[in-house]
Amino acid sequence: MTIVVAYADTPPGHAAVTGAVAESREGEPVVIVPAVRGERSPEVGEVESRWPDLAGRVEVERGDLGDPADTVIQVAQRLDARLIVLGLRTRTPVGKLVFGSTAQRILLDATCPVLSVKPPVAAT
Amino acid sequence: MTDAAFSALASLADPSLLMMLAVGVVAGLVIGLIPGLGGTGAVAILLPITFGMDPEPALAMLIGALAVVHTSDTVAAVLLGAPGSASASVTMLDGYSMARQGQAKRALSLAFLSSMAGGLIGAVGLTLAIPLARPLVLSFGSPELFMLTILGVSLAAVLSRGNVVKGLTAGLLGLLLGLVGTSPTTAEERFSFGSLFLSDGISLVAVALGVFGLAEIASRVGQRRVSEKPVELSGGWGSGIREWLTHWTHVIRGALIGIWAGVLPGVGATAGTWLAYGQAVATAKDKRSFGKGDPRGIVGPESANNSVEAGDLIPTFLFGIPGGVPSAMLLGMLLTYGIQPGPAIVTDHLDLMYLIVWAFAIASVAGAFLCFLATGSLAKLTKVPFAVLGPGLLVVMLLGAFQEGGQLGDLWVMVALGVVGFFLKATGMPRAPFLIGFVLAIPMERYYYLTASLYDGASWVARPGVLVFAALLVVPVLWSLVKRLRRASGAADDGHRDEHESDEDSVDDLEGSLARTPWSLAVAVIAVLIFAGALWVSGSFSAEASLMPRLVALGGLVAAAVLTWQELRARRDRARQDDVADVEETPGGSGTTMLATRVAPKVDARALARRHDLVIAMRTFTAMAAFLVLVMLGGYLAATLVFTPLFLLYAARTRPRTAIIYTLVLGAVLMALPSLLPVDLPLGLLQ
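These numbers come from a predicted model, not from an experiment.

## Let's talk about the overall build of chain A
Part 1: Along chain A, the regular secondary structure elements total 5 helices and 5 strands.
Part 2: Relative to a compact globule of 124 residues, whose C-alpha radius of gyration would be 14 Å, chain A shows 14 Å and is just as compact.
Part 3: Seen through its principal axes, chain A has C-alpha atoms that stretch 40 × 35 × 25 Å.
Part 4: A buried classification covers 41% of the 124 residues belonging to chain A.

## As for the overall build of chain B
Part 1: From N to C terminus, chain B includes 28 helices and 2 strands.
Part 2: A total of 687 residues make up chain B; the buried ones form 56% of that total.
Part 3: Residue pairs at least 24 apart in sequence account for 80% of intrachain contacts in chain B once pairs closer than 6 positions are excluded.

## Remarks on the sheet that holds strand β3 (residues 58-60) of chain A
All names here are of chain A.
Part 1: Taking strand neighbours across the sheet as the criterion, the 5 strands line up as β3-β2-β1-β4-β5 in an open arrangement whose pairing is parallel. Each edge of the sheet is formed by a strand with only one pairing partner; in this case those strands are β3 and β5 (114-117). Put simply, the sheet's adjacent strands are angled 25° from each other on average, direction ignored.
Part 2: Where strand β2 (residues 30-34) meets β3, 3 bridges bridge the pair, whose relative direction is parallel. Considered in β3, the bridge of V31 is made with E59.
Part 3: Here helix α1 (residues 11-23) sits on the sheet and contacts β1 (3-7), β2, β4 (83-87) and β5; the angle it forms with β4, its principal contact strand, is near 145°.

## What to know about the nonpolar core
Part 1: In this structure, L62, A65, A359, F360 and L435 of chain B are the most contacted members of the largest nonpolar core, which totals 213 residues.
Part 2: Here this core takes 23 residues from helix α6 (residues 88-138) of chain B, the largest share from any one element.
Part 3: When near neighbours in sequence (up to four residues on either side) are disregarded, A359 of chain B contacts L21, L59, A60, I63 and G64 of chain B.
Part 4: In this structure, A20, V72, A76 and A103 of chain A belong to the second largest nonpolar core, which totals 31 residues.

## Things to note about the environment of L450 of chain B
All names here are of chain B.
Part 1: Assignment of secondary structure puts L450 in helix α19 (residues 432-454).
Part 2: With 17 C-beta atoms counted inside 10 Å, the residue L450 sits in the partly exposed group.
Part 3: Counting along the chain gives 119 residues from L450 to L331, while the straight-line C-alpha distance between them is 21 Å.

## Some remarks on unusual backbone geometry
Glycine aside, a negative phi is what most residues show, and trans is what most peptide bonds show.
Residues and elements named next belong to chain A.
Part 1: A positive phi angle is found at D80, which is not glycine, with a value near 55°.
Part 2: Counting through the fold element by element, D80 comes out in the loop between α3 (68-79) and β4.
Part 3: Given 11 C-beta atoms within 10 Å, D80 falls into the exposed group.

## Considerations on the confidence of the model for chain B
Residues and elements named next belong to chain B.
Part 1: Here chain B shows a mean pLDDT of 79. Residues at 70 or above account for 87%.
Part 2: Here helix α25 (residues 592-597) stands out as the least confident element of chain B, with mean pLDDT 38; helix α11 (residues 248-263) is the most confident, with 90.
Part 3: Here residues 490-508 is a poorly scored stretch, pLDDT under 50, and it has 61 contacts once near neighbours within four places are set aside; other chains count.
Part 4: Long-range and interchain partners of residues 579-602, a stretch whose pLDDT sits below 50, account for 40 contacts in this model, where long-range means more than four residues apart.
Part 5: Prediction confidence for the complex, expressed as pTM and ipTM, is 0.81 and 0.79 respectively.

## Overview of the pairing of β2 of chain A
Residues and elements named next belong to chain A.
Part 1: For β2, the buried fraction is high: 5 of the 5 residues fall into the buried class.
Part 2: Burial along β2 is two-sided: V30, I32 and P34 and V31 and V33, pointing in opposite directions, are all buried.
Part 3: In this sheet, β2 lies alongside β1 in parallel orientation, the contact comprising 5 bridges. Note that in β2 the partner of V4 across the bridge is V31.
Part 4: For the crossover from β1 across α1 to β2, the handedness is right-handed.

## Let's talk about the confidence of the model for chain A
Part 1: Of all residues in chain A, 92% have pLDDT values of 70 or greater, and the mean over the chain is 83.
Part 2: Within chain A, helix α4 (residues 93-99) of chain A has the poorest average pLDDT of any element, 63, and β4 of chain A the best, 91.

## Remarks on the pairing of β1 of chain A
Part 1: For β1 of chain A, a buried count of 5 out of 5 residues is recorded, marking the element as mostly surrounded by other parts of the structure.
Part 2: Residue alternation in β1 of chain A divides its side chains into two sets, I3, V5 and Y7 of chain A and V4 and A6 of chain A, and both sets are buried.

## Here we look at the packing of α6 of chain B against helix α13 (residues 296-319) of chain B
Residue and element names in this part refer to chain B.
Part 1: Running from amino to carboxyl end, α6 crosses α13 at an angle of 25°, the nearest separation of the two axes being 4 Å. Taken together, the axis directions place α6 and α13 in an arrangement best described as roughly parallel. Helix-helix and strand crossings are classified by hand; for α6 and α13 the assignment is right-handed.
Part 2: In terms of residue class, the contact of α6 with α13 is made up of 21 nonpolar, 14 polar and 3 charged.

## Considering the environment of D67 of chain A
Part 1: One can find D67 of chain A in the loop between β3 and α3.
Part 2: Along the backbone, D67 of chain A and D80 of chain A are 13 residues apart, and their C-alpha atoms lie at a distance of 20 Å.

## What to know about α3 of chain A
At 3.6 residues per turn, the α-helix brings residues three or four places apart onto the same side.
Part 1: Between the first and last C-alpha of α3 of chain A there are 17 Å, a value that for 12 residues agrees with the 16 Å anticipated at 1.5 Å per step.
Part 2: Among the 12 residues that make up α3 of chain A, 9 are buried, leaving the element largely enclosed by the rest of the structure.
Part 3: For α3 of chain A, the complete set of buried residues consists of P68, A69, D70, T71, V72, I73, Q74, V75 and A76 of chain A.
Part 4: For α3 of chain A, the elements touching its buried residues are β1, β2, β4 and α5 (102-109) of chain A together with α12 (269-283) of chain B.
Part 5: Looking at the residues trailing α3 of chain A, positive phi occurs at D80 of chain A, about 55°.

## Some details on the packing of α6 of chain B against α11 of chain B
Residue and element names in this part refer to chain B.
Part 1: Axis separation between α6 and α11 bottoms out at 9 Å; the angle between their running directions is 55°. In terms of orientation, α6 and α11 fall into the oblique class. Both α6 and α11 take part in a crossing whose hand is right-handed. Residues S114, A117, G118, I121, G122 and G125 of α6 form the contact with α11, whose own contacting residues are V251, I252, G254, A255, G258 and I259.

## What about the environment of A561 of chain B?
Part 1: Considering the arrangement of structural elements, one finds A561 of chain B in helix α23 (residues 543-576).
Part 2: C-alpha separation for the pair A561 of chain B and A527 of chain B, spaced 34 residues apart in sequence, amounts to 8.5 Å.

Thresholds, definitions, all that
- Residues numbered from 1 in each chain as written.
- Chains lettered and ligands numbered in written order.
- Predicted model: local features only at pLDDT ≥ 70, side-chain atom pairs only at ≥ 80, totals over all residues.
- Helix = DSSP H or I, 4+ residues; strand = E, 2+ residues; numbered from the N terminus.
- Rg over C-alpha atoms; globule rule 2.2 N^0.38 Å.
- Buried ≥ 20, exposed ≤ 12 C-beta atoms within 10 Å, placed from the backbone.
- Contact = placed C-beta atoms within 7 Å.
- Pairing = 2+ DSSP bridges.
- Axes fitted to C-alpha atoms, helices over the stretch in contact; angles between N-to-C directions.
- Core = buried A, V, L, I, M, F, W, Y, C linked by C-beta atoms within 7 Å.
- pLDDT = per-residue confidence, 0-100.
- Right-handed = clockwise from strand over helix to strand, strands pointing away.
- Parallel < 35°, antiparallel > 145°, perpendicular 65-115°, else oblique.
- Left-handed = near helix turned anticlockwise from the far one by under 90°.
- Nonpolar A, V, L, I, M, F, W, Y, C, P; charged D, E, K, R; others polar.
- Expected span 1.5 Å × (residues − 1).

Written out as structure tokens, the structure reads:
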């Protein structure tokens, strides 16, 4: 089985990877999908040096679609993932209305369980 | 209502009309196969041919071409993986993958059928729009029409993708260009600098063909040849046809999105197609196969890009506000026939409206049918490198521009505007608002003076229609603010409905390649200088004639100054952090299909490619100028016979045999044209 992480280079995104590390079983592959439009996708080496637990079983996958939420779900469906992990950030209702939410779309559209995590309070 | 509809259908039984429709369809299909021309190219190339005709056959031909351009542009995308037009690049994502799995016929039949359905639904939308909008249109007076022209230009500027300031600057530049010539109210010459030629105003065909056609030639001549071998045309038509029937909901959804995108000015086929793809993905439960040959990824977008062209026609004919570039040219054509779109067309020319609807529907069906029959042989055309097509297109386009006024000056204007168009394209300035502004400049001024003389003071501002349009004007401004906020907010949760914005960049090599370089700064500064100059020159006009130029120049000055400031700030930021370049190189969602063919370019390679593009474009424009000099000396035919082989041998590097045959054929066509069509060849000094 596989775990898919919706990754962003932000505290919630890092919390998501940490959450995936904690959730994963021994040797279970973890696939990182960049979920921010226009952001550089992370190198496998960077991720491995930051989360040594993931060494040797982490992959980065970009998907075929433009929309980040669709991409995460597509990758999860293709790999038949057991779980999607995503990081949530604090949003006011107005902020949500104006900016839309990738996290919400993943939660609603995903066909497997989704684990959402928040970064430690100090980090936000 | 229905009487008019059926009498229009009966008039289509006239063999000469049907003939013109057929010519339009065939021309549209061929133009669709050639990369980079699209609907704009189709109308631009055919428009000059129609100058000697009655409005009915002329419209039948143009609509016929416009309706099918997006049917055949799929062929190159599916078989070569090289999109024939920007809007076909969406179909490429799934269509090319499908073709590589040996199911090219399945992909193509899905695409052709969806295109046909999109065209038909678009025609139905156009039909329904007439009775719905009729009472509305008839209640409009000159104040509403004036507001509509403003709305048209500003919506086009704001909704075109990318930077709003760039869109506004382009729109205002177009308005300014449209004001050149005799003022409609005082018969005073403006910006003509004493030239008799300029006092006639600048020809629409020259502007459209220059800014879009010639700029396209210059930017594509240097394009790499497609080295990949086309996928074999395998698989069966039948499976695709059966499968298409199961996806009928996607067809209808795609077509509705297309119509909506068409109605909005400045949102053209490209953006509409991406929207359709985005919604197909977003609403699909099982997203696994998108990008790897999913039929739903072909059906929706393909039906959208055909219905966009029908949607474009709705505001064009009913309100006189072009929804896109091709319809801006159609509008110009109607005006030359003295047919005023808007209220007049609904009351006096209703049969013409229905003729358009029928022509669109018939052409959609015939186009799809022809595509099924002829794809095997037509597909070879997509393999021809653009450099070889270049001189032929150039000769045809220049000949076209000559027809409107019969003056060589138009051709020089066209080449100059080609250079302008090239730089607009390369620095990421949208060109649609430019053309829409150009077309609407004179109507805007005329409606303003009608309004000012019919109503005393500012009482017209309080008319309900005017208030509604004023409110509508605010919406795009708010929308652009939201877009900006989204970008500024770090974008970890970027909006999820606008993928076309990031995806499009990866499709066209040149589009915006010069953005954020000294070149784009130079374009901004030149725009400032042009507006400042216009402001200064307009000081010498009489009060009535100077109002519009002054307003446009002032607005333009502000927009261009903001643009310059943005460019300067971007340059400063860039100097501070050099590694930003890394981030920009990964466009949002280029799929694995693209990654496979396109290796992420290094910064150096990009700068090199940029210089290469510029050099090629410069050479091409020089060649065009040289051609014009030859025309002035020896006449059109002689110039073509000298220019074409030289260009083919030295620029396109073809074999001598190809060059000779090509030249002879082109020469023969030019000899035969004047006797077949009402076309004049320019005469030289030596003739």
